[in-house]
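One-letter residues, chain by chain:
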Amino acid sequence: MDFTHLHVHTEYSLLDGSAKIKSLVKRAKELGYDSLAITDHGVMYGVIDFYEAARAEGIKPIIGCEIYVSPGSRFDRENTRGEERYYHLVLLAENNQGYKNLSKIVSRGFTEGFYYKPRVDMEVLEQYHEGIIALSACLAGEVAVNLRKNNYEGAKEAALRHLKIFGENNYFLEMQDHGLAEQATVNAGVMRLSKELGIPMVVTNDSHYILAEDWEAHDILLCIQTNRKVHEEDRMRYTGGQYYLKSKEEMYELFPYAKEALANTQKIADRCNVEIVFGEQKVPEFDVPDGLTAEEYLEKLCMEGIRKRYNPVTKEKVLTIGIPLPCSKTIRWGVKKKGRFTGKIPDESFRRNNRLLPVNFAKYDNMETYIEDNIRIALLNLFEVGFTLKGYKVKKR
């Protein structure tokens, strides 16, 4: 049987998912899965823990996120309620570029679109769609919401919009069955859309806890999230106790009419190959002018700064003054010896044979230039930059 869970929440879907990552991965292995996705609500906090735990159990980790999409602009702050605030959309990283883009999408949700939830919009998805496979999500997805309202044309419009952004074979219509009447309505509409538009389908189970018997503990977790009591009738709940990590056999029993959609989950899993390398220092690349190395460009910036601030420019100044950045304190050059800076002023022969390094940013020409550029930006935006022995800090004036 070909099937992989592509819609899975962990403990990092805060107060909504109760599946602890290590236990989740072990259960997936017990059930015979060779791959598993993580799609927490709006965040990627659990990705690294999940990646390492899955690899340790011999399971391919599929990196994803169930993001929140604003119906309009991510900058809108209208006083709307419920479904009108945002829709759900599941995104999976197909490759490393997709992983980078997914990280950017999630970050934009927090830095630019946060309103009740970290939201993005179509502009962000268009900008960072490369390397990403999208699923139309649960009952809170835009397609499903329209189908629940008997708005087939609205669902069709949403599906075509997503298809245009992510491209053919990168967007899938999602079906779920937790015993809810609304899901039967949505699934019928999804199958109609798939047939009419040629968009492939997938089947998921929207897993929020690991075992079937965990439903009660999860229900209490929802009460904590919503500040309600268990005995209250009119509250958020996941009815039916079906939101656990089901076996392949259970999924095929649920969807005997959608074997292709079940098999598509494995095809997607086979396509998703993200490799996260640990133990490497990832220094950002800074574009330097043509014909110059990072070291030469850094030295050029140093000399330009010296000429602006010192008149006349003497050999002593060149030897003793560091990068004269436009801030209240000046970094001074020091001689690095056996991993420590002596603070001694180097002579000209040392200057000629040994590259002098700023005390705070030794070893990285590119990093020095990168930081210098960011400090300029900070200052232009009325930020105060202060230097310490451990690095630099920026605080608003």
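In case you missed it, the structure is sitting above this.
A brief look at the structure comes next. (Residues numbered from 1 in each chain as written. Predicted model: local features only at pLDDT ≥ 70, side-chain atom pairs only at ≥ 80, totals over all residues. Heavy atoms only, no water.)

1. Examining the nonpolar core
Next, step 1: Among the nonpolar cores identified, the biggest contains 64 residues, and Ile63, Ile67, Leu91 and Leu125 are the most heavily contacted of them.
Next, step 2: In terms of residue count, helix H6 (residues 152–166) provides more of this core than any other element does, 6 residues in total.
Next, step 3: Beyond its immediate stretch of four places on either side in the chain, Ile63 contacts Ile38, Met44, Val47, Phe50, Tyr51, Leu91, Leu92, Ala93, Tyr99, Leu102 and Val274.
Next, step 4: In terms of nonpolar packing, the next biggest core, distinct from the first, is built from 13 residues, Ile62, Val90, Ile133 and Ala269 among them. (Core = buried A, V, L, I, M, F, W, Y, C linked by side-chain atoms within 4.5 Å. Buried < 20%, exposed > 50% of the residue type's maximum accessible area, 1.4 Å probe, protein only. Helix = DSSP H or I, 4+ residues; strand = E, 2+ residues; numbered from the N terminus. Contact = heavy atoms within 4.5 Å.)

2. Focus on the pairing of strand E5 (residues 117–120)
A regular strand places its side chains so that they alternate between the two faces of the sheet.
Next, step 1: The pairing of strand E2 (residues 60–69) with E5 spans 2 bridges and is classified as parallel. Note on E5: the bridge partner recorded for Val69 is Val120.
Next, step 2: Of the pairings in the sheet, the one linking strand E4 (residues 114–115) to E5 comprises 2 bridges and is antiparallel in character. Note that in E5 the partner of Phe114 across the bridge is Pro118. (Pairing = 2+ DSSP bridges.)

3. Observations regarding the pattern of salt bridges
Next, step 1: Counted by the stated rule, this structure contains 15 salt bridges.
Next, step 2: Between Lys20 and Glu11 there is a salt bridge whose closest N-O contact spans 3.9 Å.
Next, step 3: Among the ionic pairs, Arg108 bridges to Glu112, the shortest N-O distance being 3.5 Å.
Next, step 4: Relative accessible area serves as the criterion here: at 22%, Glu112 is assigned to the partly exposed category. (Salt bridge = Lys/Arg side-chain N within 4 Å of Asp/Glu carboxyl O.)

4. As for the packing of helix H1 (residues 21–30) against helix H2 (residues 47–56)
Next, step 1: Where H1 contacts H2, the two axes come as close as 9 Å, and the packing angle between them is 35°. Here H1 runs over H2; the crossing is right-handed. Contacts from Ile21, Lys22 and Val25 of H1 reach H2 at Asp49, Phe50, Ala53 and Ala54.
Next, step 2: Across the contact of H1 with H2, the residue classes break down as 5 nonpolar, no polar and 2 charged. (Axes fitted to C-alpha atoms, helices over the stretch in contact; angles between N-to-C directions. Left-handed = near helix turned anticlockwise from the far one by under 90°. Nonpolar A, V, L, I, M, F, W, Y, C, P; charged D, E, K, R; others polar.)

5. Section: the pairing of strand E3 (residues 87–93)
Next, step 1: For E3, the tally of buried residues reaches 7 of 7 residues, placing the bulk of the element in the interior.
Next, step 2: Of the two faces of E3, both are covered, the one formed by Tyr87, Leu89, Leu91 and Ala93 as well as the one formed by His88, Val90 and Leu92.
Next, step 3: Examined bridge by bridge, E2 and E3 share 6 bridges and lie antiparallel to one another. Within the sheet, the bridge partner assigned to Ile67 lies in E3 and is Leu89.
Next, step 4: Where E3 lies against strand E6 (residues 132–135), 4 bridges are found, and the strand directions are antiparallel. Looking at the pairing, Leu92 lines up with Ile133 of E6.

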